[in-house]
Amino acid sequence: MLANLGLLAGLILLIVMALRGINILVAALVSSLIVAVTNGLGLSPTLLEHFPFGPLGAFSFAGKFFILFLAGAIFGKMMASSGAAGSIANAITRGLGAKRTILVTILVCALLTYGGVVVFVVIFTMYPLGVALMREANLPKRLFCGASALGSGTFTMTALPGTPSIHNVIGASALGTDLFAGALIGLTAGAVMLVLGLVYLERQWTRARAAGEGYQVNAQDEYMENMAPALQHGPKWQRSIVPLLLVLGTIIVPRLLTALGIADGETPLLGPLIAFAGNEPIVWPSFALMIGAGSCVLLFPDFRSKAMESLGVGANDAIMPLLNTAAVIGFGSVVTQTTGFNSFAQWVLELPLPPLLSAFASVSVVSAIVGSGSGGLQIFMQTFAEKYLAMGIEPETLHRIATLGSGGIDSLPHCGAVIAMLTIMGLKHKEAYKDIFVVTVAIPVIATLVAIGVASAT
């Protein structure tokens, strides 16, 4: 009884501390200690083994995915500092106009994140432009926040095949698949997320106009808007988009050559490269991102004098997201050592559900517990994946369904990404979380259920 109460207390404390803005490293460690003490795990094994270095340990994860976080952060910083990301955002804004501010926001965020720019860089890039758009269109900031969350943290993160997101890479690394696994399932789910999310946000905007609700400026908006003129003097959008295309091309071309029968792992010259691309789900996307970063230096002459500084800042920017994600996984590693979690795992596996629905339920609950889609997915892959493969689920299908499932109920109020987005935009949960919940929790859950239906029918 005490063990289960301690497990519950640790989970609640993690959520409360995250909501109060307490550093997630501290929150995860304190919560882990409560779980450890009440479950008899021992302080020394918890602090020196389970939390940091177990199969699911914080530093086991950080060591494995360090290169991907580093490459993604550097590429994102290069795109932002060179003005390329801002130029792309400006071009889409000019093309669609302020009346379509919600669609503009979704498309810009989606394009940048699918091209490999990390979510927080995308938000910082789009927000200064978004302030001007919100003012012109009289769009409530909560809906701009929802559109940003939809474009950067849903279908490009978990659904679209080929995305170099950490979620997609975790699935490929654990199951021996590639970044295009379950392509049809992912495209279906991605379309559902985009369409339903856009319809919901546009309908909310219509209701807001009818109720007299509009844009309200705050001090943070004025500060961020002052950054917009600098973004407007970046390179032309036609050149700015080249680094994104290089990243995607490096990832997609080997798969395309194989799919079309033009080349495979045995083809002279190209063979070793294609084989390496298919067998290295962490290193190859990281390599693609570094190609994109290098191309920024070559393509944007005015940026070259700041390139090394941006590289250093980008490397520093990689540390905290990596450690925050690792800390949550470390907490999950401690939780998996408890009898309560093992009982839960056995209970889930014995539920009278089809295997794909059971897998969806498992990864969703674990992701919700730790407040992290990538953390929950990593724990799922280490704890549950082999059992679901033994039930007859194809690795490619499990890859996509589990990745989709991890990107739904993870976005509860204590999710680090949700807290960071609200903090950046100067909003509180009571102001904007309802819309975030609909587009990042409710709609992705619906999309995953649709994807499960498609997977079961094929």
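Located above this text is the structure these notes cover.
For the structure given in this document, a descriptive report is provided here. (Residues numbered from 1 in each chain as written. Predicted model: local features only at pLDDT ≥ 70, side-chain atom pairs only at ≥ 80, totals over all residues. Heavy atoms only, no water.)

### Regarding the overall build of the protein
Across its full length, the protein holds 25 helices and zero strands. In summary, the protein has a C-alpha radius of gyration of 22 Å against a globular reference of 23 Å for 458 residues, a match within 12%. Seen through its principal axes, the protein has C-alpha atoms that stretch 65 × 60 × 45 Å. The burial tally for the protein puts 55% of its 458 residues in the buried class. A separation of at least 24 residues holds for 78% of the contacts in the protein among residues at least 6 apart in sequence. Total accessible area on the protein stands at roughly 18700 Å², and carbon and sulfur atoms take up 66% of it. Of the charged side chains in the protein, 22 are positive and 21 negative; the average position of the first set lies 11 Å away from that of the second. (Helix = DSSP H or I, 4+ residues; strand = E, 2+ residues; numbered from the N terminus. Rg over C-alpha atoms; globule rule 2.2 N^0.38 Å. Buried < 20%, exposed > 50% of the residue type's maximum accessible area, 1.4 Å probe, protein only. Contact = heavy atoms within 4.5 Å. Areas by Shrake-Rupley, 256 points an atom, 1.4 Å probe, with all protein chains shown as cover. Lys, Arg positive; Asp, Glu negative; His and termini not counted. Charge placed at Lys NZ, Arg CZ, Asp CG, Glu CD.)

### Some details on helix α1 (residues 2–19)
Helix length check: α1 (18 residues) gives 25 Å between terminal C-alpha atoms against 26 Å at 1.5 Å per residue, within 8%. Every buried residue of α1 is accounted for by Gly6, Leu7, Gly10, Leu11, Leu14, Met17 and Ala18. The buried residues of α1 occupy an angular sector of 140 degrees when projected down its axis, which confines them to one face. Summarising the contacts, the buried residues of α1 are in contact with α2 (24–38), α18 (307–335), α19 (339–350), α20 (355–370) and α24 (416–425). Immediately downstream of α1, the backbone of glycine 21 shows phi near 80 degrees, a positive value. (Expected span 1.5 Å × (residues − 1). Arc of directions from axis to C-beta.)

### Topic: a nonpolar patch on the surface
There is a patch of nonpolar side chains on the surface, built from Leu29, Val37, Leu43, Leu47 and Leu48 and spanning about 460 Å² of accessible area. When contributions to the nonpolar patch are tallied by element, the ones reaching two or more residues are α2 and α3 (43–53). Among the elements that take part in the nonpolar patch, α3 stands out by supplying three residues, more than any other. As for its position among the elements, valine 37 is in helix α2. (Patch = residues over 30% accessible without salt bridge, like charges linked within 9 Å, V, L, I, M, F, W, Y side chains within 5 Å. Salt bridge = Lys/Arg side-chain N within 4 Å of Asp/Glu carboxyl O.)

### A look at the environment of leucine 184
For leucine 184, the position within the fold is in helix α11 (residues 183–210). Taking C-alpha positions, leucine 184 is 40 Å from aspartate 221, a pair spaced 37 residues apart along the chain.

### Regarding the packing of helix α7 (residues 119–137) against helix α8 (residues 141–153)
Contact pair α7 / α8: the axes reach a minimum separation of 11 Å and the direction vectors enclose 145 degrees. Classified by chirality, the crossing of α8 by α7 is right-handed. On the side of α7, the interface is formed by Val119, Ile123, Met126, Tyr127, Gly130 and Met134, while α8 contributes Lys141, Phe144, Ser148 and Ser152. Looking at side-chain class alone, the contact of α7 with α8 contains six nonpolar, three polar and one charged residues. (Axes fitted to C-alpha atoms, helices over the stretch in contact; angles between N-to-C directions. Left-handed = near helix turned anticlockwise from the far one by under 90°. Nonpolar A, V, L, I, M, F, W, Y, C, P; charged D, E, K, R; others polar.)

### Examining the nonpolar core
The biggest cluster of nonpolar side chains holds 140 residues, and the ones touching the most others in it are Met79, Leu201, Phe380, Phe384 and Tyr388. Sorting elements by how many residues they give to this core places helix α4 (residues 58–81) first, with 13 residues. Here phenylalanine 384 is in contact with Phe341, Phe344, Ala345, Leu349, Ser362, Val366 and Ile379, once residues within four sequence places are set aside. (Core = buried A, V, L, I, M, F, W, Y, C linked by side-chain atoms within 4.5 Å.)

### A few points about the pattern of salt bridges
Using the criterion set out here, one finds three salt bridges in the structure. Between arginine 142 and aspartate 435 there is a salt bridge, with the nearest N and O atoms lying 2.7 Å from each other. Of this pair, arginine 142 sits in helix α8 while aspartate 435 sits in helix α25 (residues 429–457), placing them 293 residues apart in sequence. Its relative accessible area of 1% is what places aspartate 435 among the buried residues. The partner of arginine 255 in a salt bridge is aspartate 178, and the shortest N-O contact between them spans 2.5 Å. Note that arginine 255 is positioned in helix α15 (residues 242–259) and aspartate 178 in the loop between α10 (166–175) and α11, a separation of 77 residues in sequence. In this structure arginine 255 comes out as partly exposed when scored by relative accessible area, which is 35%. One continuous salt-bridge network, built from bridges that share partners, spans Arg142, Glu213 and Asp435.

### Quick word on the packing of aromatic side chains
In total, this model carries 12 aromatic pairs according to the counting rule given. Aromatic rings pair up to connect Phe341, Phe344, Trp347, Phe380, Phe384 and Tyr388 into one cluster. Positioned above the aromatic ring of tryptophan 205, the side-chain terminus of arginine 209 is 4.7 Å from the ring centre. (Phe/Tyr/Trp six-rings, centres within 6.5 Å; stacked < 30°, edge-to-face > 60°. Lys NZ or Arg CZ within 6 Å of the ring centre and 35° of its normal.)

### So, unusual backbone geometry
The phi torsion at asparagine 138 lies on the positive side, around 60 degrees, for a residue other than glycine. By the secondary structure assignment, asparagine 138 is in the loop between α7 and α8.

### A closer look at α24
Buried residues of α24: Val418, Ile419, Met421, Leu422, Ile424 and Met425, and no others. Downstream of α24 by a residue or two, glycine 426 has a phi angle that is positive, lying close to 70 degrees.

### Points about the side chain of arginine 142
Among the residues examined, arginine 142 registers a relative accessible area of 15% and is labelled buried. Residues contacting arginine 142, with those up to four places away along its chain left out, are Gln204, Ala208, Glu213, Leu427, Glu431, Ala432 and Asp435.

### Re the packing of α3 against α18
Two quantities define a packed helix pair, namely the angle between the helix axes and the distance between the axes. The N-to-C vectors of α3 and α18 enclose an angle of 110 degrees; their axes lie 8 Å apart at closest approach. It follows from the interaxial angle that α3 and α18 lie roughly perpendicular. Of the residues in α18, those touching α3 at Thr46, His50 and Phe51 are Ala327, Gly330, Phe331, Ser333 and Val334. Residue composition of the contact of α3 with α18, by class: four nonpolar, four polar and no charged. (Parallel < 35°, antiparallel > 145°, perpendicular 65-115°, else oblique.)

### Quick look at the side chain of serine 372
Looking at where serine 372 falls in the secondary structure, it is placed in the loop between α20 and α21 (373–383). A polar atom in the side chain of serine 372 sits 3.3 Å from the side chain of serine 374. Engagement of the side chain of serine 372 in a polar contact is seen with the backbone nitrogen of glycine 375, the distance being 2.9 Å. If sequence neighbours within four positions are ignored, serine 372 has contacts with Thr325, Val328, Ser367 and Asp410. (Polar contact = N/O pair within 3.5 Å; in protein donor to acceptor, adjacent residues only side chain to side chain.)

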